[in-house]
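# Architecture at a glance
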Number of protein chains: 2
Amino acid sequence: MAERLVLHEYSASGNCYKVRLTAACVGEHVERRQYDIMKGETRTPQFLREVNGNGRIPVLQVGERFVPESNAACYYIADGSGLVPTERFDRADMLHWMFWEQYNHEPNIATLRFWKDWIGHDNLSEAQRLQIPLKREAGEAALKLMNDHLQARDWIVGTTMSLADICLFAYTHVAEEGGFELSKYPRVQAWIERVKGQPHYNPMNG
Amino acid sequence: MAERLVLHEYSASGNCYKVRLTAACVGEHVERRQYDIMKGETRTPQFLREVNGNGRIPVLQVGERFVPESNAACYYIADGSGLVPTERFDRADMLHWMFWEQYNHEPNIATLRFWKDWIGHDNLSEAQRLQIPLKREAGEAALKLMNDHLQARDWIVGTTMSLADICLFAYTHVAEEGGFELSKYPRVQAWIERVKGQPHYNPMNG
């Protein structure tokens, strides 16, 4: 890869970790630039103008161009590697799980972790507080769906680790920080250990 | 394409329309099977077991296999066509906008349309009612981001229509049904007309 890669990130974010783990798995070097989201550093006029008009991290910088959205950044890095299936159905199935992660998993499991450990319960708005039981229920349903899916398979798609595993791993393996009990989902626990056992595995705080 | 394609859908859903519009644009025949989501027809034990454990439509059936998640179903149909850029950066950039659509656009713009015209204001829960102003603000921000992005370009990614346009078009062109005024976003309006002017364009109720 000719162009320099820079990850604009907040390192405790699971969405940012996905991109680092993808890079580690394909042996790609990515520079890291930190922003403190708790201080609004991704909402400054400069960030909005130059990095991401949506005011969010991660953003993968490729030369002078930018790829926002964690799962798209992972796809850029992994494109052409063994993490993206070459078979048409499997490639779409991988994307299915990546879209599902952003719609059904992250907004529940990651958000409850963020509200609990970063925002703090006392600082939540009434609208947020009323969403807690709904997000709890939807998060449990997401973990159950993964557990059921992993009944007769080692990996989310096909027979090897793909981007779908990496993108789902990021917030699943720290779900207990959001109050979810992973012991209720033993096949998810076994899958977490399987990902951790991969030769290029890199921990979240690594 | 050798395998038979069946779209499991609810035709008034923008997420289902995306898949039909993609198929129309690439000249692919897709059979349609209807489910009434208002009657819970996608939550039956049979649907959960045989079609989608997540209980949602659309699902694209490919032979005997299934692709849930609208944007993944679109990707399956368009894979290898001119709707998916061959250049690596553009392909990731297209996915960026498709993930953004599912995270920042659909949960606000589509959900307010659904709550207003399907559920009805009086039937909303307190948690939903408190989210209305937040979803209104986030939906306006999404439309503004699109309008800003379209300042110096005709299409969301690259110089031709891609899946990113189709996936964003579905709920944007009916955003007024959710109470959004598209006249505030003239470049989005011009882009909507551009999509409608494409030779294989197929309307939502077509």
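The structure under discussion appears in the preceding block.
Here the structure is a predicted model, which means the values were calculated and not measured.

Rules used throughout
Residues numbered from 1 in each chain as written. Chains lettered and ligands numbered in written order. Predicted model: local features only at pLDDT ≥ 70, side-chain atom pairs only at ≥ 80, totals over all residues. Heavy atoms only, no water. Buried < 20%, exposed > 50% of the residue type's maximum accessible area, 1.4 Å probe, protein only. Helix = DSSP H or I, 4+ residues; strand = E, 2+ residues; numbered from the N terminus. Pairing = 2+ DSSP bridges. Axes fitted to C-alpha atoms, helices over the stretch in contact; angles between N-to-C directions. Contact = heavy atoms within 4.5 Å. Buried area = accessible area lost by both parts, 1.4 Å probe. Salt bridge = Lys/Arg side-chain N within 4 Å of Asp/Glu carboxyl O. Polar contact = N/O pair within 3.5 Å; in protein donor to acceptor, adjacent residues only side chain to side chain.

What follows covers helix α3 (residues 70-78) of chain A. Residue and element names in this part refer to chain A. Of all nine residues in α3, nine are buried, a share of seventy percent or more. Along α3, the positions that sit buried rather than exposed are Ser70, Asn71, Ala72, Ala73, Cys74, Tyr75, Tyr76, Ile77 and Ala78. Phi for Gly80, located one or two positions after α3, is positive at around 90°.

Attention now goes to the sheet that holds strand β2 (residues 31-34) of chain A. An order of β2-β1-β3-β4 (chain A) is seen for the four strands of this open sheet, with the pairing classed as mixed. Edge positions in the open sheet fall to β2 and β4 (65-68) of chain A, since each of these has one partner strand only. Strand after strand, the sheet turns through a mean of 25° between neighbouring axes, direction not considered. Note that strand β1 (residues 5-9) of chain A and β2(A) share four bridges and pair parallel. By the bridge assignment, A:Glu9 is partnered in β2(A) with A:Gln34. Along the sheet face, helix α4 (residues 88-119) of chain B touches β3 (59-62) and β4 of chain A and points at about 40° away from the line of β4(A).

Before going further, it helps to spend a moment on the interface of chain A and chain B. With 39 residues of chain A at the interface, the matching set in chain B holds 39 residues. Of the roughly 3,600 Å² buried between chain A and chain B, counting both surfaces, carbon and sulfur atoms make up 65%. Of all residues in chain A, A:Arg88, A:Phe99 and A:Tyr103 bury the most surface against chain B, accounting for 22% of the area lost on that side. Connecting chain A to chain B are two salt bridges. In this structure, the salt-bridge partner of B:Arg91 is A:Asp79, at a minimum N-O distance of 2.6 Å. Linking chain A with chain B are ten residue pairs in polar contact (both at pLDDT 80 or more). Listed by contribution, the elements that provide at least two residues to the side of chain A that touches chain B are β4, α3, α4 (88-119) and α5 (126-149) of chain A. Element by element, the count of residues in the side of chain A that touches chain B is highest for α4(A), at 16 residues.

With that settled, the discussion passes to the pattern of salt bridges. For the structure shown, the criterion picks out 24 salt bridges over all chains. With a closest N to O distance of 3.6 Å, B:Glu50 and B:Arg49 form a salt bridge. Salt-bridge contacts for B:Lys116 lead to B:Asp117; the nearest nitrogen and oxygen are separated by 3.5 Å. Exposure remark for B:Asp117: the relative accessible area of 39% places this residue in the partly exposed category. Each member of the salt-bridge network shares a partner with another, and the members are A:Glu9, A:Arg20 and A:Arg32.

Another aspect to go through is the sheet that holds strand β4 (residues 65-68) of chain B. A sheet is described by the order of its strands in space; here four strands give the open sequence β2-β1-β3-β4 (chain B), paired in mixed fashion. On the outer flanks of this sheet lie β2 (31-34) and β4 of chain B, each paired with one strand and no other. Going across the sheet, the axis of each strand differs from the next one's by a mean of 25°, ignoring polarity. Inspection of the sheet shows strand β1 (residues 5-9) of chain B paired to strand β3 (residues 59-62) of chain B by four bridges, in the antiparallel sense. Bridge pairing links B:Leu5 to B:Val62 in β3(B). Docked against the sheet, α4(A) engages β3 and β4 of chain B, running at close to 40° with respect to β4(B). Packed on one face of the sheet, helix α1 (residues 14-26) of chain B meets β1 and β2 of chain B and runs near 160° to β1(B).

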